[in-house]
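# Structural overview for review
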Amino acid sequence: MQIPVVRNILEANDRIAEELRKRFAVQHILVLNLISSPGSGKTSTLERTLTDLKDEFTMAVIEGDLTTDNDARRVAATGAQAVQINTDGACHLDSGMVLDALASIDTDGLDILFVENVGNLVCPAEFTVGEDAKVALLSVAEGDDKPEKYPLLFAEAHVMLLNKVDLLPYVDFDLDKATRHARALNKDIAVYPVSCRTREGLEAWYDWLRQAVAAKKAQMRPETGKED
Amino acid sequence: MHEMSIAQSLVGIVQQEMAKHGVTRLVSVRVRHGALAAVVPHALEFAWQAVTQDTSLAGARLDMEEVPVRLRCSSCGQEFAPEECDRLMLIPCPSCGEDLGHEVLEGKELYIENLEAE
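Let me sum up the structure you'll find in this document. All residue numbers here refer to positions counted from 1 along the written sequence of the relevant chain. Chains carry letters and ligands carry numbers; both start at the beginning, A for chains and 1 for ligands, and go up in the order they are written. Note on the predicted model: pLDDT of at least 70 is required for a residue's local features to be given, and 80 or more for side-chain atom pairs to be given and counted; whole-chain, interface and lining totals, by contrast, use all residues.

### With respect to the interface of chain A and chain B
Here is the rule: For every residue pair, C-beta atoms are placed from the backbone, and the pair is scored as a contact if these atoms sit within 7 Å. Numbering of helices and strands runs from the N terminus; a helix is a DSSP stretch of H or I covering at least four residues, while a strand is a stretch of E covering at least two. All residues other than Ala, Val, Leu, Ile, Met, Phe, Trp, Tyr, Cys, Pro, Asp, Glu, Lys and Arg, Gly among them, are scored as polar; the first ten of these are nonpolar and the last four charged. Two strands pair if DSSP finds at least two bridges between them.
The interface is formed by 28 residues belonging to chain A together with 31 residues belonging to chain B. Taken together, the elements giving at least two residues each to the side of chain A that touches chain B come down to strand 1 (2-8), helix 6 (151-156) and helix 7 (175-185) of chain A. For the side of chain A that touches chain B, the element with the highest residue contribution is strand 1 of chain A, accounting for 7 residues. The class makeup of the residues in the side of chain A that touches chain B is 17 nonpolar, 5 polar and 6 charged. Two elements, strand 1 of chain A and strand 6 (residues 110-117) of chain B, share 5 bridges in a ladder whose sense is antiparallel. Looking at the pairing, Asn8 of chain A lines up with Tyr111 of chain B of strand 6 of chain B.

### Thoughts on the sheet that holds strand 5 (residues 103-106) of chain B
All names here are of chain B. Taken in spatial order, the 3 strands of this open sheet run 4-3-5, and their pairing is antiparallel. What marks the edges here is a single partner per strand, and that holds for strand 4 (79-80) and strand 5. Note: strand 3 (residues 70-72) against strand 5, 3 bridges, orientation antiparallel. Within strand 5, the residue paired with Arg70 across the bridge is Glu106.

### Focus: unusual backbone geometry
All names here are of chain A. Put simply, the test is: Put plainly, a residue is buried at 20 or more neighbouring C-beta atoms within 10 Å of its own, exposed at 12 or fewer, and partly exposed in between, counting only other residues' C-beta atoms, which are placed from the backbone.
Non-glycine residue His28 carries a positive phi angle of around 55 degrees. You can see His28 is positioned in the loop between helix 1 (11-27) and strand 2 (30-35). For His28, a count of 16 C-beta atoms within 10 Å corresponds to the partly exposed category. Despite not being glycine, Thr68 shows a phi value in the positive range, around 75 degrees. In this structure, Thr68 sits in the loop between strand 3 (59-65) and helix 3 (70-76).

### Remarks on the nonpolar core
Residues and elements named next belong to chain A. To keep things clear, this is the line we draw: For this entry, the nonpolar core is defined as buried Ala, Val, Leu, Ile, Met, Phe, Trp, Tyr and Cys residues connected by C-beta atoms within 7 Å.
If you look at the biggest cluster of nonpolar residues, it comprises 90 residues, and the most contacted ones within it are Phe114, Val115, Ala136, Leu153, Phe154 and Met160. With 5 residues, strand 2 is the single largest residue contributor to this core. Setting aside residues up to four positions removed in sequence, Phe114 forms contacts with Leu32, Leu34, Leu46, Met59 and Val61.

### Re the pairing of strand 2 of chain A
Residues and elements named next belong to chain A. Among the 6 residues that make up strand 2, 6 are buried, leaving the element largely enclosed by the rest of the structure. Burial of the side chains of strand 2 extends over both faces: Leu30, Leu32 and Leu34 are buried on one face and Val31, Asn33 and Ile35 on the other. Sheet topology note: the strand 2/strand 6 (residues 133-139) ladder contains 4 bridges and is parallel. Paired with Ile35 across the bridge in strand 6 is Ala136.

### With respect to the packing of helix 1 (residues 3-21) of chain B against helix 2 (residues 41-52) of chain B
Residues and elements named next belong to chain B. Here is the rule: Axis angles are defined between N-to-C directions and span 0 to 180 degrees, where every axis is a line fitted to C-alpha atoms and, for a helix, only to the segment in contact. Any angle from 65 to 115 degrees is called roughly perpendicular, while one under 35 is roughly parallel, one over 145 is roughly antiparallel, and all others are oblique. Put simply, a crossing is left-handed when the front helix is turned counterclockwise from the back one by less than a right angle, and right-handed when it is turned clockwise.
As a packed pair, helix 1 and helix 2 sit with axes 8 Å apart at the nearest point and diverge in direction by 55 degrees. By the angle between their axes, helix 1 is oblique relative to helix 2. Pair helix 1 / helix 2 crosses with right-handed handedness. Judged by residue contacts, Glu3, Met4, Ile6, Ala7, Gln8, Leu10 and Val11 of helix 1 engage Ala43, Leu44, Ala47, Trp48, Val51 and Thr52 from helix 2. Split into classes, the residues belonging to the contact of helix 1 with helix 2 amount to 10 nonpolar, 2 polar and 1 charged.

Here it is in structure tokens:
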């Protein structure tokens, strides 16, 4: 017999992500899912951000890697709470892993939770982890064709950070082309050229974070429809 | 290789639906995947075989069908299907020519449509 099903295959992931989203909404925590290829500077960007904004916000990081806790140790050195998830070979984080990691984080008074995904432009884009926004990071050394080659991520991201712009004189990277292609996929995407090394452009990214935190704080509680 | 995670989720849903309908032998399962959903049919087929091996689902066929992309123009609202549906870049709207920021109506989905079982 034929049995009609019509069920989203990733429904289990989406269900946990929805629970996480409700919890973060109640606590007004801004949750950002950082996605990029390996080596584009996710951890460096976090180190800078956590250090520069440490007096403004309380921040925590969930680090996803195949193995090692190198990144969690780097991030924890800034004073922020950091938890490492080792996926043991899996190419992306899923919402269940983030739920488990949250048990090790004190979320009271937290303003921002960064989830640094496994370095990969493909798979993490398919698995929501309860984030408010995906932040795509692309370093200029990788080439300006990445939005064209990995459209799903750039179509879904709220922000594209173009990192390592201090290398622009040495690489064939067309900032306008990368920006135009990202906007073709996603006309509202915010694009910030930055360099974690020279600090160029970081202030614009911080302003985006400030606005996003303020917007999250102003959001009404989902279950009551009332403001806190 | 997130096809492995997808195959595991697939098995979970198939087992639930089979129990619900009181059937025990799976013949085939039909999956529809959007052209933009970053699913490689060959890799999913491989993962499906790997996770069903030595289980009661072993030998069941996995049928996959791609859902083409449908867009809504960001400027005039016209709905259209681009000729090359595996890419989203700079596709001009057939009615007004706008090529930026179209809304994706179809092409990102990933779901089980039905299963055949006894």
